[in-house]
Amino acid sequence: MLRELYRALLDVLFPSFCGVCGSFLFLEHRAVACKECWEREFKRYEGKKCRVCGHPLELLPGSKELCLRCLKEKRKFAFDGVFYYTLYEGLPEVAIRELKFEKYRLVAYEIGREIASNLKGVISRVGANLVVPVPLHRSTLKERGFNQSEEILKGARVPFSPLLEKPFKGEKQSTADFLKRRENVKGLFRVRNAAELIGKTVLLFDDVFTTGATADEISRLLKKSGAEKVFVYTVAYTPLKLLTKEKAGNLVGFGKG
Ligand SMILES: [Zn+2]
Ligand SMILES: [Zn+2]
């Protein structure tokens, strides 16, 4: 009751508006959007996905469950599969930006609630023993005050194991080029307790999938440290057509932070 009053007071003192329809947000709303807009716009991607990189096939058609790039370049990654809830555009993009760059922490819990049942379904489908969030470098953590991936998992009420650390910061990812990004992220991460990984199936969790360079690097590290299988789950996936230079450089989870 007190919390509701407090929230109502905050709404009056600091009015905010729905990121989609612009209506005044009062009481019943989901962080950055009104309830109706959130439910309409934060939608699950339910189409077909490339079985190697997870790219939505309707946006990059190929054949035999492979996208054009994986087909042509015979791409291989260290992870065994990619899952995600939605595409990185519209409201999900606004919400994740607010969370990370405006440090609006409550957004994490709304996202967590949104993806919870899908995420739990994936965990049981792949038989994951551990959910491991992508870590932030301590300077990013200090600046932001929290690791958005961990906060989202808390919102989803999914237990996780922070088995990774990121002792090195790396260069800013200002290119969408997978090979360059892979070069940039090489050696940035470390496993804290390899003994816990032996023989395990890991679900690596992050907010956004961009080129897959970071996910690939971490998956390789996890396997080298004893993990049997590594699957990737992100809230949002950035399709190639949306992967502008700005997004690649400034926003996106896998790569930044
Ligand atoms: Zn709205
Ligand atoms: Zn692919």
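Since this is a predicted model, take the numbers as computed values, not measurements.

Conventions adopted
- Residues numbered from 1 in each chain as written.
- Chains lettered and ligands numbered in written order.
- Predicted model: local features only at pLDDT ≥ 70, side-chain atom pairs only at ≥ 80, totals over all residues.
- Helix = DSSP H or I, 4+ residues; strand = E, 2+ residues; numbered from the N terminus.
- Expected span 1.5 Å × (residues − 1).
- Bend = angle between axes of the 7 residues up to and from the residue.
- Buried ≥ 20, exposed ≤ 12 C-beta atoms within 10 Å, placed from the backbone.
- Axes fitted to C-alpha atoms, helices over the stretch in contact; angles between N-to-C directions.
- Parallel < 35°, antiparallel > 145°, perpendicular 65-115°, else oblique.
- Left-handed = near helix turned anticlockwise from the far one by under 90°.
- Contact = placed C-beta atoms within 7 Å.
- Nonpolar A, V, L, I, M, F, W, Y, C, P; charged D, E, K, R; others polar.
- pLDDT = per-residue confidence, 0-100.
- Pairing = 2+ DSSP bridges.
- Right-handed = clockwise from strand over helix to strand, strands pointing away.

Here we look at helix H5 (residues 106-126)
Argument step 1. Helix length check: H5 (21 residues) gives 29 Å between terminal C-alpha atoms against 30 Å at 1.5 Å per residue, within 8%.
Argument step 2. The sharpest bend along H5 reaches about 55 degrees and sits at Ala 116.
Argument step 3. For H5, the complete set of buried residues consists of Val 107, Ala 108, Glu 110, Ile 111, Glu 114, Ile 115, Leu 119, Val 122 and Ile 123.
Argument step 4. With its phi angle positive at about 70 degrees, Gly 127 sits one or two positions after the end of H5.

Quick look at the packing of helix H8 (residues 178-185) against helix H9 (residues 213-224)
Argument step 1. Interhelical geometry of H8 versus H9 gives an angle of 45 degrees and a closest axis separation of 8 Å. When the axis of H8 is compared with that of H9, the two are oblique. Note that H8 runs across H9; the crossing there is right-handed. Residue-level contacts link Phe 178, Arg 181, Arg 182 and Val 185 of H8 to Ala 213, Thr 214, Asp 216 and Glu 217 of H9.
Argument step 2. Here the contact of H8 with H9 is composed, by residue class, of 3 nonpolar, 1 polar and 4 charged.

Here's the deal with the confidence of the model for the protein
Keep in mind that low pLDDT regions are not for reading the predicted coordinates in detail.
Argument step 1. Looking at the protein, pLDDT values average 88 and 86% of them are 70 or higher.
Argument step 2. Low confidence marks residues 249-257, where pLDDT is under 50. Its contacts with residues over four positions away, or in another chain, come to 29 contacts.

Brief notes about the pairing of strand E10 (residues 229-237)
Successive residues of a regular strand alternate their side chains across the two faces of the sheet.
Argument step 1. With 8 of 9 residues buried, E10 lies mostly within the body of the structure.
Argument step 2. Relative to E10, strand E5 (residues 81-87) runs parallel, the two being bridged by 6 bridges. Looking at the pairing, Gly 81 lines up with Phe 231 of E10.
Argument step 3. Direction of pairing for strand E9 (residues 201-209) relative to E10: parallel, over a ladder of 8 bridges. Of the residues in E10, the one forming a bridge with Thr 201 is Lys 229.
Argument step 4. Viewed along the sheet, the connection from E9 through H9 into E10 turns out right-handed.

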